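Inside the fold
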Amino acid sequence: MNMLSAIAQPATLDAWLAHIESLNARPINMGLERVGRVWRALGATPTFAIVTVGGTNGKGSTCTFLESILGSAGYSVGTYTSPHFLRHNERVRVDGEAAADEALCEAFASIERARGDIPLSYFEFGTLAAMLLFVDSDVDVAILEVGLGGRLDAVNIFDPQCTVVTSVDMDHMDYLGQTREAIGYEKAGIFRRAIAAVCADPDPPASVSRHARTVDARLLRIGQDFGYSRSGEGWGYWGPGGD
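Residues numbered from 1 in each chain as written. Predicted model: local features only at pLDDT ≥ 70, side-chain atom pairs only at ≥ 80, totals over all residues. Heavy atoms only, no water.

**Structural notes on the packing of helix 2 (residues 33–42) against helix 4 (residues 101–115)**
Interhelical geometry of helix 2 versus helix 4 gives an angle of 105° and a closest axis separation of 9 Å. Between helix 2 and helix 4, the crossing angle belongs to the class labelled roughly perpendicular. Residues Val38, Ala41 and Leu42 of helix 2 pack against Ser110, Ile111, Ala114 and Arg115 of helix 4. For the contact of helix 2 with helix 4, the residue count by class is 5 nonpolar, 1 polar and 1 charged. (Axes fitted to C-alpha atoms, helices over the stretch in contact; angles between N-to-C directions. Helix = DSSP H or I, 4+ residues; strand = E, 2+ residues; numbered from the N terminus. Parallel < 35°, antiparallel > 145°, perpendicular 65-115°, else oblique. Contact = heavy atoms within 4.5 Å. Nonpolar A, V, L, I, M, F, W, Y, C, P; charged D, E, K, R; others polar.)

**Overview of helix 2**
Of the positions making up helix 2, those classed as buried are Arg34, Val35, Gly36, Val38 and Trp39. The elements touched by buried residues of helix 2 are helix 4 and helix 5 (122–137). Just downstream of helix 2 lies Gly43, where phi reads positive at about 70°. (Buried < 20%, exposed > 50% of the residue type's maximum accessible area, 1.4 Å probe, protein only.)

**A few points about unusual backbone geometry**
Look at the link from Ser82 to Pro83: it is a cis peptide, with omega at -5°. With respect to the element layout, Pro83 can be found in the loop between strand 2 (77–80) and strand 3 (92–94). With a phi close to 55°, Asp95 is a non-glycine residue in the positive phi region. Within the secondary structure, Asp95 sits in the loop between strand 3 and strand 4 (97–98). Overall, the relative accessible area of 47% leaves Asp95 in the partly exposed class.

**Quick look at the sheet that holds strand 3**
One open sheet accounts for 8 strands, arranged 4-3-2-5-1-6-7-8; its pairing is mixed. Taken across any chain shown, the strands that pair with only one partner, and hence form the sheet edges, are strand 4 and strand 8 (218–221). Taken together, the 4 bridges between strand 1 (residues 49–54) and strand 6 (residues 162–165) define a ladder with parallel strand orientation. Following the sheet pairing, Val53 is matched in strand 6 by Val164. The sheet strands contacting helix 3 (residues 59–72) are strand 1, strand 2, strand 3, strand 5 (141–145) and strand 6, and the helix crosses strand 5 at an angle near 170°. (Pairing = 2+ DSSP bridges.)

**A closer look at the layout of surface pockets**
Estimates place the volume of the largest pocket at around 440 Å³. Taken together, 25 residues make up the lining of the largest pocket; nearest its centre are Ile28, Phe123, Gly147, Leu148 and Asp153. Element by element, the count of residues in the lining of the largest pocket is highest for helix 5, at 3 residues. Taken together, the residues of the lining of the largest pocket break down into 10 nonpolar, 8 polar and 7 charged. Its volume calculated, the second largest pocket comes out at about 330 Å³. Lining the second largest pocket are Val51, Thr62, Phe65, Leu66, Ile69, Cys162, Val164, Thr166, Val198 and Ala200. Looking at the lining of the second largest pocket, the elements that each hand over two or more residues are helix 3 and strand 6. At 4 residues, the largest contribution of residues to the lining of the second largest pocket is made by helix 3. (1 Å grid on protein atoms, 1.4 Å probe; cavity = no way out; pocket = protein on both sides within 12 Å on 5 of 7 lines; lining within 4 Å. Points joined across faces, edges and corners; volume = space filled by probe spheres on them.)

Take a look at the structure:
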């Protein structure tokens, strides 16, 4: 039984965050089974497009660029990034505005009721809360930043319409592997069949291309399938959708 159901729930966002941090002895607990079960119990259904952004470096910048481009084009955009600089609210934005304390508290309360005795990490709680807010806000598109790796990261329970791997380098080796090949495989785990998989690493490990072929993703590599070149006095884009 979820013990919190028998006592008063946290009254503030800070209290909720402290409670969530105390729940799981392992701050990083990779895997999709637990978080997937809780999401199904919540019964929320995204009706919007999803862009999943992974990679070693450049994820946050890419999410911000996409948020600005899509917002300028008139779309309502939900953006989920981590970590935050000053306040947890910065991780969840709708149309550029950070989520309110009250909205996050309500989402956390819903997750707490739905999870029962299923343990969730801080990041998993935050991921589900962000998606609940995006569903409630009826956004047109959600941009989800991978927290760690990709294949077993909480955001990967959601099927995207586009995926991005910004770069592949030696990071989180205790969890992702000791080589770029192993790490590349984990990051490519966000790819989906027949969905654009944009890779901005100019020299990705072979595991990225190999996994794209395995799942039949539409891999687009910078410098090979798209890029920028100098023409006259400016720079021009070439690739899908270009002139």
